[in-house]
Amino acid sequence: MEMLKISYDDALIPESRILETAERIIPEIEKARSLLSTGYVDNFSFINLPDDKKHLNIVKELVREKLALDPRLLVVVGIGGSNLGTIAVQEAILGRLYNLSDPGIRVLYADTTDPYLIRDIVGIMKTTLENEGNVLLNVISKSGTTTETIANFRILAGMLRKYKRRYEEYIIATSDKGSKLWSLAVREGFTTLEIPAKIVGRYSVFSSVGLFPLGILGVKIESLLEGARKMRDLCLTMDLNKNPAAVIASIQYNHYIEGKNISTLFFFSSDLESLGKWCRQLIAESLGKEFNRSGERVNVGMTPTVSIGSTDLHSIAQLYLGGPYDKLVTFISVEDSAPRLQISKDNEYSYLIPEINGRRLDEILNAILEGAKEAFRRGKRPFIDISLPDKTESSIGQFMHLKMIETVYLGRLLNVNPFDQSAVEKYKKETRRILSRESIKHT
Ligand code: PA5
């Protein structure tokens, strides 16, 4: 398996300092190593998911069972950590335009309770069901009590109930065993899929949360896990120089304490935009904290932004290259861009930009990326360079596990708990309070 290539040459932090800071991560690496093969006893136990054959077999068996129902549409109901990882992998592997390419099974995501979005999903479900096409509904909620998820689920499950006599066969509830959603699913006869204990939403893509819907869509989930496993082993090495998660966490931390509190992820691949959104949640929700582990108010966290190359060079690059020195950029590109689309050498348009005559699109994209990096270099703007060998399950699995482990290491350096989200809970509580009033006014 080819591994990700990572270069820190332009990180603008001296190697000695990178390693000195990384030393502070050692207790976290030791902890991770001690957790290996011990099941799910700690939030950091997500690193055991790629080895969990039992869990994988349950998912694979269920994928087989539900594919036998011959579904034409999969609707994933979930929000945040319960669906961002699935969208990220689906779009990376199958492409952003997947649904338009007439696939066997289309996929829709019901996350927020935007009535326009849900009305459209209801409409597509209706057309599919009326044309004898089966629809699978995978409701995913670790807590089983997220307002948006449950509200959408109630509407969408109602559609299935209307069209299918044995509608419960088409509903798969992924949740914590014993949650309210789990109990409802058992009572109603829906299929249940357990999320291993201690696995927090944004670290759950390699569990049933991501594996089931991705398996239904034909993503090679075993290769995804294989990539994740290989990267995990690298990120658990005690040789800090060779540990990419520790090195990147150290670089991020050093820039952060010097005032570069914006972490820009610049993906040179349109299909990786949702992977960027998944990273954004991981970084923001894990590291943006009011209090540190000792209970002191610290209000820390870097602000993650996602850009797409070359699209956003025409949008935000002016700010990145000319604006304040408050960002650390990570360029993420794909080395082997399989489609070889070549511009003709000579025709009536060749005078427009002669430099591109006879060039392939991937060569042009690469030249733009190299041009952008050179401009950053000249402007003394720091960046990390990550190159994925290709856009396969193995590469995406590697990248996602790198980011998850790196985030935990950054949590150690910032002395915050990367697994809770107490600030988000505040809005959830307020929402419930408002909804329990008799009437809700628009303010
Ligand atoms: O990462 C997290 O923990 C959160 O983003 C959750 O995934 C999100 O709030 C949804 O929660 P739940 O799966 O309980 O519905």
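Before any of the text, the structure's been laid out above.
Read on for an overview of the structure.

### Description of the packing of helix α9 (residues 221-235) against helix α14 (residues 393-414)
Logical step 1: In contact at an axis separation of 7 Å, α9 and α14 are set at 40° when each is read in the N-to-C sense. With respect to α14, the axis of α9 lies oblique. Between α9 and α14 the crossing geometry is right-handed. On α14, the residues that touch Ser 223, Leu 224, Gly 227, Ala 228, Arg 229, Met 231, Arg 232 and Cys 235 of α9 are Glu 393, Ser 394, Ile 396, Gly 397, Gln 398, His 401, Leu 402, Ile 405 and Tyr 409.
Logical step 2: Each residue belonging to the contact of α9 with α14 can be placed in one class, and the counts come to 8 nonpolar, 6 polar and 3 charged.

### Side note on the nonpolar core
Logical step 1: Judged by nonpolar contacts, the single largest core of 120 residues is most densely connected at Phe 44, Phe 46, Leu 156, Trp 278, Ile 396, Met 400 and Tyr 409.
Logical step 2: Per element, the largest residue contribution to this core is 11 residues, and it comes from α14.
Logical step 3: When residues of this core are assigned to domains, at least three map to each of domain 1 (5-32 + 236-414) and domain 2 (39-220).
Logical step 4: Setting aside its immediate chain neighbours within four residues, Trp 278 contacts Leu 84, Gly 85, Ala 88, Arg 202, Val 205, Met 400, Lys 403 and Met 404.

### Section: the pattern of salt bridges
When the charged atoms of two side chains lie near each other, side chains of opposite charge can form a pair.
Logical step 1: Taken as a whole and assessed by the stated rule, the structure comprises 37 salt bridges.
Logical step 2: Residue Lys 60 is joined to Glu 222 by a salt bridge in which the shortest nitrogen-to-oxygen separation is 2.8 Å. On the criterion of sequence distance, the pair formed by Lys 60 in helix α3 (residues 53-67) and Glu 222 in helix α9 is long-range, its members being 162 residues apart.
Logical step 3: On the basis of relative accessible area, Lys 60 is assigned to the partly exposed category, the value being 23%.
Logical step 4: Three or more residues joined by partner-sharing salt bridges are found here, namely Asp 51, Glu 226, Arg 229, Lys 230, Arg 232 and Asp 233.

### Observations concerning the sheet that holds strand β4 (residues 134-141)
Logical step 1: Read across the sheet, 5 strands follow the order β3-β2-β4-β5-β6 without closing on themselves; strand pairing throughout is parallel. Of all strands in the sheet, those bounded by a partner on one side alone are β3 (106-110) and β6 (191-194). If you compare each strand with its neighbour and ignore which way they point, the axes differ by 20° on average.
Logical step 2: Sheet analysis places strand β2 (residues 71-77) next to β4, joined by 6 bridges and oriented parallel. Pairing of Leu 74 across the sheet is with Leu 136, part of β4.
Logical step 3: Helix α8 (residues 208-216) rests against β2, β4, β5 (171-175) and β6 of the sheet, and its axis sits at about 165° to β4.

Scoring rules and cut-offs
Residues numbered from 1 in each chain as written. Predicted model: local features only at pLDDT ≥ 70, side-chain atom pairs only at ≥ 80, totals over all residues. Heavy atoms only, no water. Axes fitted to C-alpha atoms, helices over the stretch in contact; angles between N-to-C directions. Helix = DSSP H or I, 4+ residues; strand = E, 2+ residues; numbered from the N terminus. Parallel < 35°, antiparallel > 145°, perpendicular 65-115°, else oblique. Left-handed = near helix turned anticlockwise from the far one by under 90°. Contact = heavy atoms within 4.5 Å. Nonpolar A, V, L, I, M, F, W, Y, C, P; charged D, E, K, R; others polar. Core = buried A, V, L, I, M, F, W, Y, C linked by side-chain atoms within 4.5 Å. Buried < 20%, exposed > 50% of the residue type's maximum accessible area, 1.4 Å probe, protein only. Domains from an automatic or database assignment. Salt bridge = Lys/Arg side-chain N within 4 Å of Asp/Glu carboxyl O. Pairing = 2+ DSSP bridges.

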